[in-house]
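An overview of the molecular structure
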Amino acid sequence: MVIIYNALLFLAVLIALPVILPAVLCSEKRRKTVLPRLGVAPSQPLPRGKTGTLKSEKPIWVHALSVGEVLSATPLLSGLTQQYPGRPVLLTVSTLTGYRIARERLHSITSAIRFFPYDLPFSIKRALHLVDPAMVLMVETDIWPNFMNELKKRNIPAFLVNARLSARAYRNYKRFSFFFGPVFSAFTYICTQSEMDAERFSGLGIARHRIVMAGNLKFDQNRPVLTPEQLIARRQSLAINPAQPVIVAGSTHEGEEEILLGAFCRLKTQWPSLVMMVAPRDPKRAASVTQLAKSAHLKAFTMTALEDNPSNQSVDVIIVDRLGLLRDFYALADVAFVGGSLVACSGHNPLEPAAWAKPILFGPDMRDFMSISTALESAGGAVTVQNAEAFYRNVNALLSNPEKAHAMGKISLSIFQSNGGAVKKMLSLTAPFLPHDDQQE
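Read on for an overview of the structure. The model shown is predicted, which means the values in this text are computed figures rather than measured ones. (Residues numbered from 1 in each chain as written. Predicted model: local features only at pLDDT ≥ 70, side-chain atom pairs only at ≥ 80, totals over all residues. Heavy atoms only, no water.)

On to the sheet that holds strand β7 (residues 211-213), then. Pairing in this open sheet of 7 strands is parallel, and the strands run β3-β2-β1-β4-β5-β6-β7 from one edge to the other. At either end of the open sheet lies a strand with only one pairing partner, and these are β3 (112-115) and β7. Looking at each pair of strands side by side, their axes are set apart by 20° on average, direction ignored. Direction of pairing for strand β5 (residues 158-163) relative to strand β6 (residues 189-192): parallel, over a ladder of 3 bridges. Its bridge partner lying in β6, Ala-163 is registered against Thr-192. (Pairing = 2+ DSSP bridges. Helix = DSSP H or I, 4+ residues; strand = E, 2+ residues; numbered from the N terminus. Axes fitted to C-alpha atoms, helices over the stretch in contact; angles between N-to-C directions.)

With that settled, consider the sheet that holds strand β10 (residues 300-302). Read from one edge of the open sheet, 7 strands run β10-β11-β9-β8-β12-β13-β14, paired in parallel fashion. Edge positions in the sheet fall to β10 and β14 (382-384), since each of these pairs with one other strand and no more. Direction aside, neighbouring strands of the sheet carry axes that sit 20° apart on average. Note that strand β8 (residues 246-252) and strand β9 (residues 275-280) share 6 bridges and pair parallel. What sits directly across from Gly-250, in β9, is Ala-279. The strands touched by helix α12 (residues 256-270) within the sheet are β8, β9, β11 (317-319) and β12 (335-338), with β8 carrying the most contacts at an inclination of about 170°. (Contact = heavy atoms within 4.5 Å.)

Topologically, Thr-290 is positioned in helix α13 (residues 286-295). Overall, the relative accessible area of 8% leaves Thr-290 in the buried class. A polar side-chain atom of Thr-290 sits 2.7 Å from the main-chain carbonyl oxygen of Ala-286. Among residues more than four places away in sequence, those in contact with Thr-290 are Ala-300, Phe-301, Thr-302 and Ile-319. (Buried < 20%, exposed > 50% of the residue type's maximum accessible area, 1.4 Å probe, protein only. Polar contact = N/O pair within 3.5 Å; in protein donor to acceptor, adjacent residues only side chain to side chain.)

Another aspect to go through is the pattern of salt bridges. All chains considered together, the criterion is met by 14 salt bridges. For Arg-164, the salt bridge goes to Asp-368, with nearest N and O atoms at 3.3 Å. Placement of Arg-164 in the loop between β5 and α8 (167-175) and of Asp-368 in the loop between β13 (360-362) and α17 (370-379) is noted, with a sequence separation of 204 residues between them. Taking relative accessible area as the criterion, Arg-164 reaches 24% and is therefore assigned partly exposed. Taking the relative accessible area as the measure of exposure, Asp-368 reaches 25% and is therefore partly exposed. A salt bridge links Arg-393 to Glu-389, with the shortest nitrogen-to-oxygen separation between them at 3.6 Å. Of this pair, Arg-393 and Glu-389 are both found in helix α18 (residues 388-400), 4 residues apart, which corresponds to roughly one turn of the helix. Residues participating in the shared-partner salt-bridge network are Glu-140, Arg-164, Lys-218 and Asp-368. (Salt bridge = Lys/Arg side-chain N within 4 Å of Asp/Glu carboxyl O.)

Quick look at the nonpolar core now. Soluble globular proteins: nonpolar side chains tend toward being buried together. If you look at the biggest cluster of nonpolar residues, it comprises 37 residues, and the most contacted ones within it are Leu-238, Met-277 and Ile-318. In contact with Leu-238, other than residues within four places in its own chain, are Met-277, Met-303, Leu-306, Ile-318, Phe-329 and Leu-332. Counting 35 residues, the second-largest nonpolar core is a separate cluster that includes Tyr-84, Val-93, Leu-106 and Leu-434. (Core = buried A, V, L, I, M, F, W, Y, C linked by side-chain atoms within 4.5 Å.)

Here you go:
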C-alpha cells in the first residue's frame, strides 16, 4: 500500500507542479515553510547552551499541526520536560502561524522547534536521520503514511494523543480502512479524548489493547490569572470603562459575524454601553469584519487601530487582529460566545472561557468539541443558540440577571477543573519506553 501511495503522490506532485510553484512564490507562509519542510534548509541548533545535536541525545519528538494543536500540547510538553529532565523535547509544526505561536510561547519548555517534513520519502528519511527520536507523540491530527511507515520500520514507539474521530471522519476512514487501518496500527498507543472516539478507532480494526481513553489535554491547561489591576489596564487599553458590559465572540468565521452583529444592534437599544469584542479565527479578515460593523452604523475599530490612535471616543465593536490574545480577552467578558458554531465549521474550544468562569454560548455545530460542549451544556454552564434571535434572547437574559450569569460561570469553571488528568495517563504510557535513569535527574 505504501508503494501505491508513493506512486500516486509522485504523480499528483508532478501534475500539480505548475500550480505549486507560483503558489510558493506568491505566498509568504509557503515561501518560509517549503524548504524546511522539504528537509533542505539548515537545521535549527539546540538552544540553552547545549553542544550536541538532537540525534546524539535521542529526543522526544512531539508534533502539533497548527495553533490549536500547539496550545493543546502545552501541558503535555510541560509534563514531558518534568518527567524526563535529561532528554531534549523537539516540537514540530506544519504551519507558519503555529510555528510563530510555538516560538513565542513554548520556547522555555522545548529544546527545539522546527517544521514537520512533507510526507515525501526523502524528506521523512532525512528528518528521522537527523533527529533519531526515542519516541514520537502526534497531537490530534496530521498523520502521514510515509512518516508512520518509517517509524514502524525503525521500531520507534509512536503515540497518537488527544485523538478524536468525528462521525464524518470515521465514515471516511472506514470506507478506506484497507489503507488507513495499517497507518493507525503503526501507533504503539492511541490515547483518545472520549469513549466514543475509542470505539470508532476500534471500529477501524485497531487492536483494543492499543486504545486508551485518556481524556482531553485541553482540560490540563493551567488556569489563566490576571490581577484586578491587569484587568483594568486591559480595559483602558481598549477604551472600555469599568461599567461597560462586554460580549467576547471568539474564533468567528465568515458569515458568523453578520449574524452576531445583527443581534448586537438589537441589544444596543437596551444596553447602550454594551461593547462586543470579535476575534476572527483568521486575523486577516479583521478589516472586512470592521467594515461589516461600520456598515451597521456601529463605531468599530481593530485592536491595532485603538492602540495606535488612543482616544476618549466611545467604542461599540473591537476586532482583534492578532493571534494568541483571545484566551486572555475572555477574562473581560460578561458573556462569551464560541465561534465556528453558528456556521458549519465544527466549533472551537469552549474551555478557554470556562477557565475564566464565564457563561458560554455557542451555535449548534460543535462537532470538534462535542464531548466538552455536551458536558458544559448538560451541567448548565453553557447554552446552544440556534440563530441570531436565540443569541439576542440569551445575552439579554444574562445581562439582565447577573446572578444567573455568575452561577453559569461557576459551573463552567467546575467542568474545566474536574476533568483533568490526561497528561498523567499519557506519561504513564510512555514510561516503559525510556530508560529508568532518564526519568528523574
